[in-house]
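# A structural walkthrough
The lines below spell out each chain.
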Amino acid sequence: MKVNDKVFESIRPSFIELQKTLSKTYSNVTILIEKSNGRNYRYGKSGPTVKDNAFVSSGAVIRLNLNNMPYEFSFNDFSKEYIDTIPNIIKKEISSLDSINDFDNMNAFALDETAITFNKSTDLEIDPESLSDKYILNTLESIHNKGMAYNDAILDCIVIFQYLTIHKMFLSDTKDMQQHITWTNGVIQPMANRDGVTRYYMQTFSSLGGAELLDTMNCDMTYSLKCVMELLDATEITPGTYDVICMPDVTGIIAHEAFGHGVEMDMFVKDRALAKDFIGKQVASSILTMHDNPNLPQCGSFFFDDEGTIGKDTVIIENGILKEGMNDLLSATSLNVSPTGNGRRESYERKVYTRMTNTYFQPGNDNLDDMIASIDNGILLENAASGMEDPKNWGIQCMVNMGREIKNGKLTGKIYSPVCISGYVPDLLKSISMISKNMKMSGTGYCGKGYKEWVKVSEGGASIKAKAVLS
């Protein structure tokens, strides 16, 4: 079945009329209208919790060119009575602005004038809104109980399920587009304690789909429970440079932090990204290709971005060469490049920034077993925890919950935790010597622009073999 595509039927005529009215006075008038709804469910030893998803939002934002200055007006009253007053409100507000002619050094944002009309929805098997809170919590409780029964050392087994359904409509002189998207996330996080040592392992689930994810979550939890028990015997790693195998979740956080934030081109405009000077140059191993692609069936997906640009596959690195970055309309116009469709807002109340969607390293030609067998002394890294980057100097730091020792091509069973990956991004990426055939994406995370402006993203890819500085 499809996500409901009828939510804007009653208000669409009023917004079409508003766009046409404003276009008689101003240029490049666009309107983005959004409605979203979702819930977060959590079950742990302390009991159940249910609340609305933090990203539930309903409102609209008008954008237009005022001389060479982008002007925006946002609101959340969809009544026709209020919408009819907006042209006068904007006129009055603009007349009160000082020095609106002092923006000759700016470039008015350019819109794609290709005429496009569509109303698209993503697929789902079970609409989460059709399920009662009680049913969902009972499912989470059952998973929780299985985890608690695994071993007496299990302190808690936290189980989380969340969903968000996003409806957006975009109107301009040439575009009349709607998209209706539902994503779901799940987390199973067993926690264990022994002799005063407490460890956790996080198993994640994500889907561009509906509550059928609950069936996926209600699975064999043996691996995550086994891992949390192994972590109780973990020791600290000796800092140094190691041959490493990064599993897809760790690969994803490297891709996101290393050449995700580093090639957001609004940072190029501000001269805050070293990548600006490396377009067309080798920055990674010749076997590495990296994408940002909102067209994958993942949680960071969309049909069009928040500026009405159709989502496309952006090849950031191709065979080790930095090809292009990601941009929004303002940075694309400033840098005189084609829009990539990465203009995203946290909500209608926030401004557009260049943001990632689904970012990943493309699969290669190697088998994971062969990759492990090729290492005499190294570490297999899994269960990514967090990351941060320095686009200006290409520094990176990623925290990983679990490192497995490799000796003479085999896993020894020795565990290190936590493990920090750090260093200079090109050194890490140029050291990649093997890439697995298979890839996996995870969409349970959000991405902040600096410390704020959160949007939904997915990340992942293939497993990689590389050299990395660990501590």
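We now turn to the structure provided with this report. (Residues numbered from 1 in each chain as written. Predicted model: local features only at pLDDT ≥ 70, side-chain atom pairs only at ≥ 80, totals over all residues. Heavy atoms only, no water.)

### Some points on the packing of aromatic side chains
One pass over the structure, following the stated rule, counts 12 aromatic pairs. An angle of 85 degrees between the planes, with centres 6.1 Å apart, marks the rings of Y201 and Y223 as edge-to-face. One end of the pair, Y201, is in the loop between strand 8 (197–200) and strand 9 (203–207); the other, Y223, is in helix 6 (residues 222–231), with 22 residues separating them in the sequence. An aromatic cluster of three or more residues is present, and its members are F15, F73, F75, F78 and Y82. Here K281 stacks its cationic end above the ring of F278, 5.3 Å away from the centre of that ring. Sitting over the ring of Y446, K456 keeps its end group 4.2 Å from the ring centre. (Phe/Tyr/Trp six-rings, centres within 6.5 Å; stacked < 30°, edge-to-face > 60°. Helix = DSSP H or I, 4+ residues; strand = E, 2+ residues; numbered from the N terminus. Lys NZ or Arg CZ within 6 Å of the ring centre and 35° of its normal.)

### Comments concerning the pairing of strand 24 (residues 458–470)
Counting buried positions along strand 24 gives 11 out of 13 residues, so the element sits mostly inside the fold. Taken together, the 7 bridges between strand 10 (residues 240–246) and strand 24 define a ladder with antiparallel strand orientation. Bridge pairing links C246 to I464 in strand 24. Both strand 16 (residues 358–361) and strand 24 contribute to a ladder of 4 bridges, which runs parallel. Note on strand 24: the bridge partner recorded for F361 is G461. Relative to strand 24, strand 21 (residues 434–442) runs antiparallel, the two being bridged by 6 bridges. Paired with M434 across the bridge in strand 24 is K465. (Buried < 20%, exposed > 50% of the residue type's maximum accessible area, 1.4 Å probe, protein only. Pairing = 2+ DSSP bridges.)

### So, the nonpolar core
By size, the foremost hydrophobic cluster in this structure holds 49 residues, and its most contacted members are I254, F259, L381, L429 and L470. With 6 residues, helix 7 (residues 248–259) is the single largest residue contributor to this core. When near neighbours in sequence (up to four residues on either side) are disregarded, L429 contacts I254, F259, V283, A284, S285, L288, I317 and F361. Membership of the second largest hydrophobic core comes to 30 residues, among which are I154, V159, L213 and L232. (Core = buried A, V, L, I, M, F, W, Y, C linked by side-chain atoms within 4.5 Å. Contact = heavy atoms within 4.5 Å.)

### Quick look at unusual backbone geometry
With an omega of -15 degrees, the peptide bond between S417 and P418 qualifies as cis. The residue N383 is not glycine, and still its phi comes out positive at about 65 degrees. Tracing the chain through its elements places N383 in strand 17 (residues 377–390).

### Some details on the side chain of N185
Along the polypeptide, N185 turns up in strand 7 (residues 175–194). Judged by its relative accessible area of 2%, N185 is buried. Looking at N185, its side chain comes within polar contact range of the main-chain oxygen of G443, at 3.2 Å. When sequence neighbours within four positions are dropped, the list of residues in contact with N185 reads I160, F161, Q162, F205, S206, L213, C299, G443, T444 and K456. (Polar contact = N/O pair within 3.5 Å; in protein donor to acceptor, adjacent residues only side chain to side chain.)

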